[in-house]
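So you can see what is in the structure, the chains are spelled out below.
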Amino acid sequence: MNLVTDSINSCDHENYHKYSVHQQQVILDTINQADFSQAIEISSAIISQLDNVKAEAPRNKRNNIFIETSKFRVLNHLSKFWRFVLHGQYYNSWCSLQDALDNLRDVKRFSNYDSALVSFFEVQLKAIESIYPYQLFTSIGIIFEGCNCNICGKDIDSVECLHIQGELYDGEIAIGIMQNIKIDHNALVKNPENKRSVIAADDNHPDMIVLKDIRQYVLQHELKPLGFKDILKVEFDKKNDDYIELKSNQKCFCGSDVKFKKCCRGKKNIHCKHYEIINAQIDIPAILGISI
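Model, not experiment: these values are computed from the prediction. (Residues numbered from 1 in each chain as written. Predicted model: local features only at pLDDT ≥ 70, side-chain atom pairs only at ≥ 80, totals over all residues. Heavy atoms only, no water.)

**Q** Describe in detail the pattern of salt bridges, supporting the description with residues and values.
**A** According to the stated counting rule, one finds 13 salt bridges in the structure shown. Measuring nitrogen to oxygen at the nearest pair gives 3.4 Å for the salt bridge that ties Glu235 to Lys233. Judged by relative accessible area, which is 40%, Lys233 ranks as partly exposed. Residues joined by salt bridges that share partners form a network here, namely Asp99, Asp102, Arg105 and Arg196. (Salt bridge = Lys/Arg side-chain N within 4 Å of Asp/Glu carboxyl O. Buried < 20%, exposed > 50% of the residue type's maximum accessible area, 1.4 Å probe, protein only.)

This is the structure in structure tokens:
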């Protein structure tokens, strides 16, 4: 960690981009070696240093430093995601995945160039998100009296505030801070803005099987965290070889002690889901644009 610390301390607003690319390579290599605690430690230190650099940088450089910092936030949350997965803490891994995706959207939105690394993570993280069984979320409806801009402190909807919510100004995203909040209602939704409010977040859910398989592959060194880009999902029906046609009031053949007519009647086929991990080991120097 000493060499990394020395490099972090040498970062300033003149060399932050070169510094950023080098440190991204270090962290990506560390993630691929499944040393997630080390990757979290390094990325956290870099985020702190870049925040300090941004505060002292000329205003015309702060937005670019914000973008570079957001890249390290993606890597930080990605490292936390993998550490939670390896510990079998799947709901916590889901929350870290959402954090990584949020920061990835910031990078993509505010960057003025296409990044191979961003494109890779955009596909991989969305593929990982798709294998979670979460389908229902809570969403709170609120009443508030106004939103003050986090940058100037004025009402963000007033003519006095010169900032547009969601836009980037001198390295800060303008947001409205709601005032005098009251909870109005709570709803169950399928497509919330915040996907962290999961209903029945059970780490032992039977549909966690794909994540559990990935966990085993990584633990057994059969799969690297950056060794796949996509997860292909195939759904199909197959014949239920255990199916037995019974009289309506007989106990079902499946052993549920429920009458056949209220259990497996008509279920001659079984709906199946198959997931295939699409291997695509990234060339870290190439994807960062580093010449060797």
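Let us keep going from here.
**Q** Pulling in residues and values, what's your account of a positive patch on the surface?
**A** Where like charges cluster on the molecular surface, the positive patch consists of Lys259, Lys261, Lys262 and Arg265. Inspection of the secondary structure assignment puts Lys261 in the loop between β7 (228-239) and β8 (269-279). (Patch = residues over 30% accessible without salt bridge, like charges linked within 9 Å, V, L, I, M, F, W, Y side chains within 5 Å. Areas by Shrake-Rupley, 256 points an atom, 1.4 Å probe, with all protein chains shown as cover. Lys, Arg positive; Asp, Glu negative; His and termini not counted. Charge placed at Lys NZ, Arg CZ, Asp CG, Glu CD. Helix = DSSP H or I, 4+ residues; strand = E, 2+ residues; numbered from the N terminus.)

**Q** Describe the packing of helix α4 (residues 59-86) against helix α6 (residues 116-130), and please don't skip the residues or the numbers.
**A** For the pair α4 and α6, the least separation of the axes is 13 Å and the interaxial angle reads 35 degrees. Read as a crossing pair, α4 and α6 show a hand that is left-handed. Where α4 approaches α6, its residues Leu75, Leu78, Phe81 and Trp82 are matched on the opposing element by Phe121, Leu125 and Ile128. Among the residues making up the contact of α4 with α6, the classes are represented as seven nonpolar, no polar and no charged. (Axes fitted to C-alpha atoms, helices over the stretch in contact; angles between N-to-C directions. Left-handed = near helix turned anticlockwise from the far one by under 90°. Contact = heavy atoms within 4.5 Å. Nonpolar A, V, L, I, M, F, W, Y, C, P; charged D, E, K, R; others polar.)

**Q** Go over α6 with me, naming the residues and quoting the values.
**A** The first and last C-alpha atoms of α6 sit 22 Å apart over 15 residues, in line with the 21 Å expected at 1.5 Å per residue. Listed as buried for α6 are Leu117, Val118, Phe120, Phe121, Gln124, Leu125, Ala127, Ile128 and Glu129. In this fold, the buried residues of α6 make contact with α2 (16-32), α4, α5 (90-110), β7 and α8 (284-287). For α6, the N-terminal cap is Ser115; the gap from its side-chain oxygen to the backbone nitrogen of Leu117 is 3.3 Å. (Expected span 1.5 Å × (residues − 1). Polar contact = N/O pair within 3.5 Å; in protein donor to acceptor, adjacent residues only side chain to side chain.)

**Q** Which residues make up the side chain of His77, and what values go with them?
**A** With respect to the helices, strands and loops of the structure, His77 is situated in helix α4. Beyond its immediate chain neighbours, meaning those up to four positions away, His77 contacts Ser96, Asp99, Ala100 and Asn103.

**Q** Run through the side chain of Ser158, naming residues and quoting values.
**A** With respect to the helices and strands, the residue Ser158 is situated in the loop between β2 (146-149) and β3 (168-169). At 2.7 Å, the side chain of Ser158 and the backbone oxygen of Asp155 are in polar contact. At a separation of 3.2 Å, a polar atom in the side chain of Ser158 contacts the side chain of Glu160.

**Q** Please set out the packing of α4 against helix α7 (residues 209-219) residue by residue, giving values where relevant.
**A** Contact pair α4 / α7: the axes reach a minimum separation of 9 Å and the direction vectors enclose 95 degrees. What the angle tells us is that α4 and α7 run roughly perpendicular. Of the residues in α7, those in contact with Trp82, Val85 and Leu86 of α4 are Leu211, Ile214, Arg215, Val218 and Leu219. Residue classes in the contact of α4 with α7 are distributed as seven nonpolar, no polar and one charged. (Parallel < 35°, antiparallel > 145°, perpendicular 65-115°, else oblique.)

**Q** Which residues make up the nonpolar core, and what values do they have?
**A** Judged by nonpolar contacts, the single largest core of 59 residues is most densely connected at Ile31, Trp82, Phe121, Leu125, Ile128 and Tyr132. Of all the secondary structure elements, the ones that give two or more residues to this core are α2, α3 (36-56), α4, α5, α6, α7, β7 and α8. A per-element tally of this core places α4 first, with eleven residues. Those residues in contact with Ile31, other than ones at most four positions away along the chain, are Phe36, Ala39, Leu75, Leu78, Ser79, Trp82, Pro225 and Leu226. Core analysis: the second largest hydrophobic core is formed by five residues, Tyr243, Cys252, Phe260 and Cys263 among them. (Core = buried A, V, L, I, M, F, W, Y, C linked by side-chain atoms within 4.5 Å.)

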